[in-house]
Amino acid sequence: MKPFLRSQLERYAQRLGELDFLLSREDIMSDMAQYRRISVEHAEVTQVAGRYARYQQREADLAGAREMLAEPDMAEMAQEEITSAEAELLQLEDELQRLLLPKDPDDARNAFVEIRAGTGGDESALFAGDLTRMYTRYAANVGWKVEVVSENAAELGGYKEIVLRIEGDHVYGALKFESGGHRVQRVPATETQGRIHTSACTVAVMPEPDEHEAIKINPADLRIDTFRASGAGGQHINKTDSAVRVVHLPTGIVAECQDGRSQHANKAKALQVLQARIQEKERSERAAKEAALRKGLIGSGDRSDRIRTYNFPQGRLTDHRINLTLYKLLYVMEGDLGDVLQALQHAREAEQLEELEMGATG
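Residues numbered from 1 in each chain as written. Predicted model: local features only at pLDDT ≥ 70, side-chain atom pairs only at ≥ 80, totals over all residues. Heavy atoms only, no water.

**Here's the deal with the sheet that holds strand 11 (residues 324–326)**
Moving on, step 1. Read from one edge to the other, the open sheet built from eight strands follows the order 2-3-1-5-4-9-10-11, with strand pairing classed as mixed. The sheet is open, and its two borders are formed by strand 2 (145–153) and strand 11, each paired with just one other strand. The mean angle between the axes of side-by-side strands here comes to 15 degrees, regardless of whether they run parallel or antiparallel.
Moving on, step 2. Here six bridges tie strand 1 (residues 111–117) to strand 3 (residues 159–167), and the two strands are oriented antiparallel to one another. What sits directly across from Ile 115, in strand 3, is Ile 162. (Pairing = 2+ DSSP bridges. Helix = DSSP H or I, 4+ residues; strand = E, 2+ residues; numbered from the N terminus. Axes fitted to C-alpha atoms, helices over the stretch in contact; angles between N-to-C directions.)

Here it is, written out as C-alpha coordinates:
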(Lines give C-alpha, C1' and ligand atoms only; values in the text may rest on other atoms or scores of the structure.)
Protein backbone atom coordinates (compact mmCIF):
# COMPACT_ATOMS: atom_id res chain seq x y z
CA MET A 1 0.00 0.00 0.00
CA LYS A 2 1.23 3.48 -0.88
CA PRO A 3 2.54 5.46 2.12
CA PHE A 4 0.16 8.39 1.49
CA LEU A 5 -2.85 6.03 1.66
CA ARG A 6 -1.58 4.44 4.86
CA SER A 7 -1.09 7.83 6.53
CA GLN A 8 -4.64 8.86 5.53
CA LEU A 9 -6.04 5.63 7.00
CA GLU A 10 -4.12 6.00 10.27
CA ARG A 11 -6.00 9.29 10.74
CA TYR A 12 -9.32 7.47 10.57
CA ALA A 13 -8.39 5.16 13.46
CA GLN A 14 -7.38 8.24 15.48
CA ARG A 15 -10.56 10.13 14.54
CA LEU A 16 -12.73 7.17 15.61
CA GLY A 17 -11.37 7.49 19.17
CA GLU A 18 -12.19 11.23 19.16
CA LEU A 19 -15.74 10.60 17.93
CA ASP A 20 -16.35 7.84 20.50
CA PHE A 21 -15.38 10.33 23.20
CA LEU A 22 -17.62 13.09 21.77
CA LEU A 23 -20.65 10.78 21.56
CA SER A 24 -20.27 9.90 25.25
CA ARG A 25 -20.45 13.53 26.36
CA GLU A 26 -23.75 14.65 27.88
CA ASP A 27 -23.72 18.16 26.34
CA ILE A 28 -23.48 16.64 22.84
CA MET A 29 -26.10 13.98 23.53
CA SER A 30 -28.54 16.73 24.56
CA ASP A 31 -27.96 18.74 21.34
CA MET A 32 -29.87 16.71 18.76
CA ALA A 33 -28.50 18.44 15.62
CA GLN A 34 -24.90 18.12 16.74
CA TYR A 35 -25.44 14.53 17.93
CA ARG A 36 -26.91 13.57 14.53
CA ARG A 37 -24.03 15.20 12.63
CA ILE A 38 -21.39 13.43 14.75
CA SER A 39 -23.28 10.11 14.48
CA VAL A 40 -23.24 10.31 10.66
CA GLU A 41 -19.47 10.98 10.68
CA HIS A 42 -19.00 8.18 13.24
CA ALA A 43 -20.75 5.68 10.92
CA GLU A 44 -18.56 6.69 7.94
CA VAL A 45 -15.30 6.65 9.96
CA THR A 46 -16.20 3.29 11.57
CA GLN A 47 -16.62 1.73 8.12
CA VAL A 48 -13.17 2.92 6.94
CA ALA A 49 -11.41 2.16 10.25
CA GLY A 50 -13.00 -1.32 10.32
CA ARG A 51 -11.82 -2.19 6.81
CA TYR A 52 -8.33 -0.84 7.61
CA ALA A 53 -8.17 -2.98 10.79
CA ARG A 54 -9.03 -6.01 8.62
CA TYR A 55 -6.27 -4.99 6.17
CA GLN A 56 -3.71 -4.80 9.00
CA GLN A 57 -4.87 -8.20 10.31
CA ARG A 58 -4.37 -9.80 6.88
CA GLU A 59 -0.94 -8.14 6.58
CA ALA A 60 0.04 -9.78 9.88
CA ASP A 61 -1.36 -13.13 8.65
CA LEU A 62 0.70 -12.84 5.46
CA ALA A 63 3.91 -12.09 7.38
CA GLY A 64 3.25 -15.09 9.66
CA ALA A 65 2.57 -17.43 6.73
CA ARG A 66 5.81 -16.37 5.01
CA GLU A 67 7.77 -17.27 8.15
CA MET A 68 6.07 -20.71 8.20
CA LEU A 69 7.26 -21.45 4.64
CA ALA A 70 10.69 -22.41 6.01
CA GLU A 71 9.18 -25.35 7.92
CA PRO A 72 8.78 -28.32 5.51
CA ASP A 73 5.67 -29.83 7.13
CA MET A 74 3.90 -26.43 7.18
CA ALA A 75 4.93 -25.23 3.69
CA GLU A 76 1.78 -26.32 1.82
CA MET A 77 -0.58 -24.79 4.38
CA ALA A 78 1.54 -21.62 4.49
CA GLN A 79 1.40 -21.27 0.69
CA GLU A 80 -2.42 -21.53 0.72
CA GLU A 81 -2.58 -18.81 3.40
CA ILE A 82 -0.18 -16.58 1.42
CA THR A 83 -2.31 -16.88 -1.76
CA SER A 84 -5.53 -16.17 0.17
CA ALA A 85 -4.07 -13.21 2.14
CA GLU A 86 -2.51 -11.59 -0.95
CA ALA A 87 -5.81 -11.79 -2.87
CA GLU A 88 -7.80 -10.30 0.03
CA LEU A 89 -5.22 -7.53 0.60
CA LEU A 90 -5.53 -6.43 -3.05
CA GLN A 91 -9.32 -6.39 -2.76
CA LEU A 92 -9.20 -4.47 0.55
CA GLU A 93 -6.75 -1.90 -0.81
CA ASP A 94 -9.05 -1.21 -3.77
CA GLU A 95 -12.03 -0.90 -1.40
CA LEU A 96 -10.14 1.42 0.97
CA GLN A 97 -9.03 3.66 -1.90
CA ARG A 98 -12.66 4.11 -2.95
CA LEU A 99 -13.77 4.79 0.63
CA LEU A 100 -11.19 7.60 0.90
CA LEU A 101 -12.38 9.44 -2.19
CA PRO A 102 -14.28 12.68 -1.55
CA LYS A 103 -18.04 12.13 -1.83
CA ASP A 104 -20.45 14.40 -3.67
CA PRO A 105 -23.33 14.98 -1.22
CA ASP A 106 -25.73 15.22 -4.19
CA ASP A 107 -24.93 11.69 -5.46
CA ALA A 108 -27.65 10.04 -3.36
CA ARG A 109 -30.37 12.40 -4.68
CA ASN A 110 -33.09 11.88 -7.26
CA ALA A 111 -32.45 13.70 -10.54
CA PHE A 112 -34.07 15.70 -13.31
CA VAL A 113 -32.89 14.66 -16.78
CA GLU A 114 -33.46 17.27 -19.47
CA ILE A 115 -33.06 16.20 -23.11
CA ARG A 116 -33.12 18.82 -25.87
CA ALA A 117 -33.01 18.39 -29.63
CA GLY A 118 -30.11 20.33 -31.16
CA THR A 119 -28.82 20.56 -34.72
CA GLY A 120 -30.47 18.22 -37.21
CA GLY A 121 -34.14 19.22 -37.21
CA ASP A 122 -36.64 16.33 -37.21
CA GLU A 123 -33.89 13.70 -36.95
CA SER A 124 -32.55 15.40 -33.82
CA ALA A 125 -36.02 15.31 -32.22
CA LEU A 126 -36.32 11.58 -33.05
CA PHE A 127 -32.92 11.01 -31.44
CA ALA A 128 -34.11 12.91 -28.33
CA GLY A 129 -36.96 10.36 -28.24
CA ASP A 130 -34.44 7.49 -28.51
CA LEU A 131 -32.35 8.89 -25.65
CA THR A 132 -35.51 9.28 -23.54
CA ARG A 133 -36.35 5.63 -24.17
CA MET A 134 -32.74 4.59 -23.36
CA TYR A 135 -32.75 6.32 -19.95
CA THR A 136 -36.31 5.16 -19.19
CA ARG A 137 -35.42 1.54 -20.00
CA TYR A 138 -32.22 1.71 -17.92
CA ALA A 139 -34.19 3.17 -14.99
CA ALA A 140 -36.72 0.30 -15.23
CA ASN A 141 -33.86 -2.24 -15.27
CA VAL A 142 -32.40 -0.92 -12.00
CA GLY A 143 -35.75 -0.35 -10.28
CA TRP A 144 -35.99 3.45 -10.52
CA LYS A 145 -39.25 5.32 -11.09
CA VAL A 146 -39.57 7.78 -14.00
CA GLU A 147 -42.14 10.53 -14.49
CA VAL A 148 -42.42 13.12 -17.25
CA VAL A 149 -42.39 16.66 -15.83
CA SER A 150 -42.77 18.48 -19.14
CA GLU A 151 -42.53 17.60 -22.81
CA ASN A 152 -42.57 19.43 -26.10
CA ALA A 153 -43.30 16.76 -28.71
CA ALA A 154 -42.09 17.12 -32.32
CA GLU A 155 -44.44 16.69 -35.29
CA LEU A 156 -42.72 13.63 -36.79
CA GLY A 157 -42.11 11.96 -33.42
CA GLY A 158 -39.61 12.39 -30.62
CA TYR A 159 -39.19 15.60 -28.63
CA LYS A 160 -37.95 19.13 -29.06
CA GLU A 161 -37.46 19.05 -25.29
CA ILE A 162 -38.43 16.72 -22.46
CA VAL A 163 -37.73 16.78 -18.71
CA LEU A 164 -37.85 13.53 -16.72
CA ARG A 165 -37.79 13.18 -12.95
CA ILE A 166 -36.05 9.95 -11.95
CA GLU A 167 -36.49 8.69 -8.42
CA GLY A 168 -34.51 5.91 -6.77
CA ASP A 169 -31.30 4.92 -5.08
CA HIS A 170 -28.24 7.02 -6.01
CA VAL A 171 -29.78 8.33 -9.27
CA TYR A 172 -27.76 11.54 -9.62
CA GLY A 173 -24.50 9.77 -8.73
CA ALA A 174 -25.10 7.19 -11.46
CA LEU A 175 -26.25 9.57 -14.22
CA LYS A 176 -24.38 12.84 -13.61
CA PHE A 177 -21.72 12.15 -16.26
CA GLU A 178 -24.45 11.97 -18.94
CA SER A 179 -24.55 15.79 -19.10
CA GLY A 180 -23.24 17.17 -22.39
CA GLY A 181 -23.63 16.84 -26.14
CA HIS A 182 -24.75 13.49 -27.62
CA ARG A 183 -24.21 13.03 -31.38
CA VAL A 184 -25.92 10.48 -33.63
CA GLN A 185 -24.79 9.27 -37.06
CA ARG A 186 -27.34 7.28 -39.06
CA VAL A 187 -29.51 7.18 -42.17
CA PRO A 188 -32.78 8.97 -41.24
CA ALA A 189 -36.08 7.31 -42.10
CA THR A 190 -36.88 10.35 -44.30
CA GLU A 191 -33.63 10.02 -46.33
CA THR A 192 -34.24 8.50 -49.80
CA GLN A 193 -30.61 8.45 -51.01
CA GLY A 194 -29.38 6.33 -48.06
CA ARG A 195 -26.96 9.04 -46.90
CA ILE A 196 -25.74 9.13 -43.30
CA HIS A 197 -26.72 12.27 -41.41
CA THR A 198 -25.23 13.65 -38.22
CA SER A 199 -27.44 15.34 -35.65
CA ALA A 200 -27.18 16.13 -31.96
CA CYS A 201 -28.99 16.47 -28.66
CA THR A 202 -27.95 17.91 -25.34
CA VAL A 203 -28.57 16.24 -22.01
CA ALA A 204 -28.46 17.97 -18.62
CA VAL A 205 -28.67 15.90 -15.43
CA MET A 206 -29.51 17.93 -12.32
CA PRO A 207 -29.86 16.78 -8.70
CA GLU A 208 -33.33 17.31 -7.26
CA PRO A 209 -32.93 20.11 -4.70
CA ASP A 210 -33.34 19.29 -1.02
CA GLU A 211 -36.45 21.11 0.22
CA HIS A 212 -34.67 22.19 3.40
CA GLU A 213 -31.41 23.29 1.79
CA ALA A 214 -32.73 24.66 -1.49
CA ILE A 215 -31.81 28.21 -2.40
CA LYS A 216 -34.54 30.64 -1.47
CA ILE A 217 -36.10 32.31 -4.49
CA ASN A 218 -37.63 35.73 -4.02
CA PRO A 219 -41.26 35.51 -5.27
CA ALA A 220 -40.84 39.02 -6.75
CA ASP A 221 -38.22 37.54 -9.12
CA LEU A 222 -40.74 35.12 -10.63
CA ARG A 223 -43.28 35.42 -13.41
CA ILE A 224 -45.80 32.59 -13.40
CA ASP A 225 -47.97 31.91 -16.46
CA THR A 226 -50.66 29.27 -16.86
CA PHE A 227 -51.59 27.81 -20.22
CA ARG A 228 -53.47 24.94 -21.75
CA ALA A 229 -51.44 21.73 -21.90
CA SER A 230 -50.70 20.52 -25.42
CA GLY A 231 -50.14 17.04 -26.79
CA ALA A 232 -51.43 13.75 -25.49
CA GLY A 233 -53.03 14.01 -22.12
CA GLY A 234 -56.64 12.98 -22.50
CA GLN A 235 -59.68 15.19 -22.88
CA HIS A 236 -59.65 16.49 -19.34
CA ILE A 237 -56.26 18.12 -19.63
CA ASN A 238 -57.18 20.21 -22.66
CA LYS A 239 -60.22 21.81 -21.02
CA THR A 240 -58.32 23.63 -18.27
CA ASP A 241 -55.34 25.94 -18.09
CA SER A 242 -53.54 23.54 -15.78
CA ALA A 243 -50.04 23.76 -17.30
CA VAL A 244 -47.66 26.18 -15.56
CA ARG A 245 -44.60 28.07 -16.83
CA VAL A 246 -42.29 29.80 -14.34
CA VAL A 247 -39.70 32.40 -15.42
CA HIS A 248 -36.87 33.48 -13.09
CA LEU A 249 -36.50 37.10 -14.19
CA PRO A 250 -32.90 37.78 -12.99
CA THR A 251 -31.41 34.84 -14.91
CA GLY A 252 -34.05 34.28 -17.61
CA ILE A 253 -34.22 30.59 -16.63
CA VAL A 254 -37.58 28.99 -17.49
CA ALA A 255 -39.26 25.81 -16.24
CA GLU A 256 -42.67 24.40 -17.02
CA CYS A 257 -44.81 21.47 -16.01
CA GLN A 258 -47.91 20.21 -17.78
CA ASP A 259 -48.03 16.61 -16.69
CA GLY A 260 -50.21 16.76 -13.60
CA ARG A 261 -53.93 17.49 -13.66
CA SER A 262 -53.91 20.20 -11.03
CA GLN A 263 -52.41 23.62 -11.55
CA HIS A 264 -51.15 23.57 -7.96
CA ALA A 265 -49.18 20.33 -8.45
CA ASN A 266 -47.75 21.55 -11.76
CA LYS A 267 -46.62 24.82 -10.17
CA ALA A 268 -44.84 22.94 -7.34
CA LYS A 269 -43.03 20.70 -9.85
CA ALA A 270 -42.11 23.59 -12.16
CA LEU A 271 -40.62 25.45 -9.18
CA GLN A 272 -38.54 22.37 -8.30
CA VAL A 273 -37.18 22.13 -11.85
CA LEU A 274 -36.47 25.89 -11.79
CA GLN A 275 -34.54 25.50 -8.52
CA ALA A 276 -32.57 22.60 -10.00
CA ARG A 277 -31.74 24.66 -13.11
CA ILE A 278 -30.59 27.67 -11.09
CA GLN A 279 -28.40 25.44 -8.90
CA GLU A 280 -27.09 23.67 -12.01
CA LYS A 281 -26.13 27.03 -13.56
CA GLU A 282 -24.15 27.92 -10.42
CA ARG A 283 -22.58 24.43 -10.31
CA SER A 284 -21.53 24.48 -13.97
CA GLU A 285 -20.00 27.96 -13.56
CA ARG A 286 -17.96 26.64 -10.59
CA ALA A 287 -17.02 23.50 -12.56
CA ALA A 288 -15.90 25.60 -15.54
CA LYS A 289 -13.58 27.60 -13.25
CA GLU A 290 -12.18 24.38 -11.75
CA ALA A 291 -11.78 22.83 -15.21
CA ALA A 292 -9.74 25.87 -16.27
CA LEU A 293 -7.34 25.07 -13.41
CA ARG A 294 -7.14 21.33 -14.14
CA LYS A 295 -8.48 19.58 -17.19
CA GLY A 296 -10.43 16.60 -15.89
CA LEU A 297 -11.24 13.63 -18.11
CA ILE A 298 -14.93 13.88 -17.47
CA GLY A 299 -15.18 17.60 -18.25
CA SER A 300 -17.47 20.18 -16.72
CA GLY A 301 -20.79 18.73 -17.94
CA ASP A 302 -21.16 21.76 -20.21
CA ARG A 303 -23.75 21.26 -22.93
CA SER A 304 -21.23 22.32 -25.58
CA ASP A 305 -18.90 19.45 -24.62
CA ARG A 306 -19.44 16.69 -27.19
CA ILE A 307 -19.24 13.67 -24.95
CA ARG A 308 -20.53 10.72 -26.98
CA THR A 309 -21.21 9.51 -30.52
CA TYR A 310 -23.83 6.90 -31.45
CA ASN A 311 -22.90 5.48 -34.88
CA PHE A 312 -25.73 3.26 -36.12
CA PRO A 313 -24.21 1.97 -39.41
CA GLN A 314 -21.26 0.56 -37.41
CA GLY A 315 -23.33 -0.37 -34.32
CA ARG A 316 -20.78 1.63 -32.34
CA LEU A 317 -20.96 3.83 -29.24
CA THR A 318 -17.92 5.99 -28.43
CA ASP A 319 -17.49 8.04 -25.27
CA HIS A 320 -14.85 10.61 -26.22
CA ARG A 321 -13.88 11.54 -22.65
CA ILE A 322 -12.47 8.15 -21.72
CA ASN A 323 -11.87 6.69 -25.21
CA LEU A 324 -14.44 3.97 -24.58
CA THR A 325 -15.79 2.20 -27.68
CA LEU A 326 -18.49 -0.47 -27.49
CA TYR A 327 -19.93 -2.39 -30.43
CA LYS A 328 -23.32 -3.07 -28.89
CA LEU A 329 -25.18 0.10 -29.74
CA LEU A 330 -28.64 -1.50 -30.16
CA TYR A 331 -28.41 -3.04 -26.69
CA VAL A 332 -27.35 0.31 -25.20
CA MET A 333 -30.30 2.05 -26.88
CA GLU A 334 -32.57 -0.54 -25.20
CA GLY A 335 -31.26 0.55 -21.79
CA ASP A 336 -28.12 -1.59 -21.38
CA LEU A 337 -26.12 1.40 -20.09
CA GLY A 338 -24.38 -0.23 -17.14
CA ASP A 339 -20.94 -0.72 -18.78
CA VAL A 340 -20.81 2.91 -19.94
CA LEU A 341 -21.84 4.37 -16.59
CA GLN A 342 -19.43 2.11 -14.69
CA ALA A 343 -16.48 3.00 -16.96
CA LEU A 344 -17.14 6.72 -16.40
CA GLN A 345 -17.40 6.18 -12.62
CA HIS A 346 -14.07 4.30 -12.55
CA ALA A 347 -12.37 6.99 -14.65
CA ARG A 348 -13.55 9.66 -12.24
CA GLU A 349 -12.38 7.61 -9.23
CA ALA A 350 -8.91 7.18 -10.78
CA GLU A 351 -8.82 10.94 -11.38
CA GLN A 352 -9.82 11.67 -7.77
CA LEU A 353 -7.22 9.25 -6.44
CA GLU A 354 -4.54 11.03 -8.45
CA GLU A 355 -5.70 14.39 -7.04
CA LEU A 356 -5.65 12.94 -3.51
CA GLU A 357 -2.10 11.68 -4.03
CA MET A 358 -0.91 14.98 -5.50
CA GLY A 359 -2.53 16.81 -2.57
CA ALA A 360 -0.73 14.54 -0.10
CA THR A 361 2.67 14.98 -1.76
CA GLY A 362 2.23 18.59 -2.88
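**A look at the pairing of strand 4 (residues 180–186)**
Moving on, step 1. Among the seven residues of strand 4, six are classified as buried, and the element is accordingly described as predominantly covered.
Moving on, step 2. Across seven bridges, the pairing between strand 4 and strand 5 (residues 197–207) is antiparallel. If you follow Arg 183 over to strand 5, its bridge partner there is Ala 200.
Moving on, step 3. With five bridges joining them, strand 4 and strand 9 (residues 306–311) adopt parallel strand pairing. Counterpart to Arg 183 in the pairing with strand 9 is Thr 309. (Buried < 20%, exposed > 50% of the residue type's maximum accessible area, 1.4 Å probe, protein only.)

**Concerning the packing of aromatic side chains**
Moving on, step 1. What the rule picks out here adds up to three aromatic pairs.
Moving on, step 2. Relative to Tyr 310, the ring of Phe 127 lies with its centre 5.3 Å away and its plane at 70 degrees, an arrangement referred to as edge-to-face. Taken together, the positions of Phe 127 in helix 5 (residues 121–142) and Tyr 310 in strand 9 put the pair 183 residues apart, joining distant regions of the chain.
Moving on, step 3. Judged by relative accessible area, which is 0%, Phe 127 ranks as buried. (Phe/Tyr/Trp six-rings, centres within 6.5 Å; stacked < 30°, edge-to-face > 60°.)

**Details of the pattern of salt bridges**
Moving on, step 1. Tallying each qualifying case throughout the model produces 36 salt bridges.
Moving on, step 2. For Asp 94, the salt bridge goes to Arg 98, with nearest N and O atoms at 3.3 Å. With Asp 94 and Arg 98 both in helix 4 (residues 75–100) and four residues apart, the pair spans about one turn of that helix.
Moving on, step 3. By relative accessible area, which is 33% here, Arg 98 ends up partly exposed.
Moving on, step 4. One salt bridge connects Arg 116 with Glu 161, and the closest N-O pair in it is separated by 2.9 Å. (Salt bridge = Lys/Arg side-chain N within 4 Å of Asp/Glu carboxyl O.)

**Looking at the environment of Asp 20**
Moving on, step 1. Secondary-structure assignment places Asp 20 in helix 1 (residues 3–23).
Moving on, step 2. Judged by relative accessible area, which is 40%, Asp 20 ranks as partly exposed.
Moving on, step 3. Separated by 2.7 Å, the side chains of Asp 20 and His 42 make a polar contact. (Polar contact = N/O pair within 3.5 Å; in protein donor to acceptor, adjacent residues only side chain to side chain.)

**Some details on the sheet that holds strand 8 (residues 253–257)**
Moving on, step 1. Read from one edge of the open sheet, three strands run 6-7-8, paired in antiparallel fashion. The open sheet has two free edges, formed respectively by strand 6 (222–227) and strand 8, since each of these has just one partner strand. Pairwise comparison of adjacent strand axes, ignoring direction, gives a mean angle of 15 degrees for this sheet.
Moving on, step 2. Of the strand pairs in this sheet, strand 6 and strand 7 (residues 243–248) are connected by six bridges, and their pairing is antiparallel. Bridging across to strand 7, Thr 226 finds its partner in Val 244.

**Comments concerning helix 5**
Moving on, step 1. Counted at 1.5 Å a residue, the expected span for helix 5 with its 22 residues is 32 Å, and the 32 Å between its end C-alpha atoms agrees.
Moving on, step 2. Listed as buried for helix 5 are Glu 123, Ser 124, Ala 125, Phe 127, Ala 128, Gly 129, Leu 131, Thr 132, Met 134, Tyr 135, Tyr 138 and Ala 139.
Moving on, step 3. Directly beyond the C-terminal end of helix 5, a positive phi value near 85 degrees is found at Gly 143. (Expected span 1.5 Å × (residues − 1).)

**Points about the environment of Asp 259**
Moving on, step 1. Mapping Asp 259 onto the fold places it in the loop between strand 8 and helix 8 (263–293).
Moving on, step 2. Each C-alpha atom of the pair Asp 259 and Lys 269 lies 9.4 Å from the other, and the pair is ten residues apart in sequence.

**Comments concerning the confidence of the model for the chain**
Moving on, step 1. Here the chain shows a mean pLDDT of 85. Residues at 70 or above account for 88%.
Moving on, step 2. Low pLDDT, under 50, characterises residues 232–239; the stretch is placed with eleven contacts to residues that sit more than four places away or in other chains. (pLDDT = per-residue confidence, 0-100. Contact = heavy atoms within 4.5 Å.)

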